[in-house]
Amino acid sequence: QVQLVESGGGLVQPGGSLRLSCVASGVIFNMDSVDWHRQAPGQQRELVATLTSTGIPHYADSVQGRFTISRDNLKKTVYLQMNSLKPEDTALYYCKARIRSANLRFMDYWGQGTQVTVSS
């Protein structure tokens, strides 16, 4: 079984920074694209950042220039560096990875989420 576990969330003041991590475990032959999504209370889940298998990042307009997505393939870990945080960044943050596991098919796996709260 493949599992994704996020960490690094917490309470931070506006203008502060946090670094989220997402570690994948289990039988993993390939990890293709990876994403970070977020969902605020009463709102739909939105895509925040994507990193393709070739290392090309894409960001939502709302976080462009403030967030950076990266990955360490050896550690099977995805990161989201969040700077200049704003109250509107408050949400539950999820990672998603497209992984080829023991069934030799690429499938999307989600983590359980980590809470980020930006407040003074």
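Residues numbered from 1 in each chain as written. Predicted model: local features only at pLDDT ≥ 70, side-chain atom pairs only at ≥ 80, totals over all residues. Heavy atoms only, no water.

Caption draft 1: Examining the overall build of the protein chain more closely. On a plain count of helices and strands, the protein chain comes out with zero helices and 11 strands. For the protein chain, the succession of helices and strands along the chain, N to C, is β-β-β-β-β-β-β-β-β-β-β. Overall, the C-alpha framework of the protein chain stretches about 45 × 25 × 25 Å when taken along its three principal axes. If you take every contact in the protein chain between residues at least 6 apart in sequence, the share linking residues at least 24 apart comes to 56%. Of the roughly 6,500 Å² that the protein chain leaves accessible, carbon and sulfur atoms contribute 49%. Averaging the locations of the 12 positively and 9 negatively charged side chains of the protein chain gives two centres separated by 6 Å. (Helix = DSSP H or I, 4+ residues; strand = E, 2+ residues; numbered from the N terminus. Contact = heavy atoms within 4.5 Å. Areas by Shrake-Rupley, 256 points an atom, 1.4 Å probe, with all protein chains shown as cover. Lys, Arg positive; Asp, Glu negative; His and termini not counted. Charge placed at Lys NZ, Arg CZ, Asp CG, Glu CD.)

Caption draft 2: Focus on the state of the cysteines. What the rule picks out here adds up to one disulfide. Here Cys 22 engages in a disulfide with Cys 95; their sulfurs sit 1.9 Å apart. Note on the Cys 22 and Cys 95 pair: the S-S dihedral is about 45°, so by sign convention the disulfide is right-handed. Taken together, the positions of Cys 22 in strand E3 (residues 18-25) and Cys 95 in strand E9 (residues 91-100) put the pair 73 residues apart, joining distant regions of the chain. (Disulfide = S-S within 2.5 Å.)

Caption draft 3: Quick peek at a nonpolar patch on the surface. Among the surface-exposed residues, Val 27, Phe 29 and Leu 104 lie close enough to one another that they form a single nonpolar patch of about 300 Å² accessible area. Secondary-structure assignment places Phe 29 in the loop between E3 and strand E4 (30-39). (Patch = residues over 30% accessible without salt bridge, like charges linked within 9 Å, V, L, I, M, F, W, Y side chains within 5 Å. Salt bridge = Lys/Arg side-chain N within 4 Å of Asp/Glu carboxyl O.)

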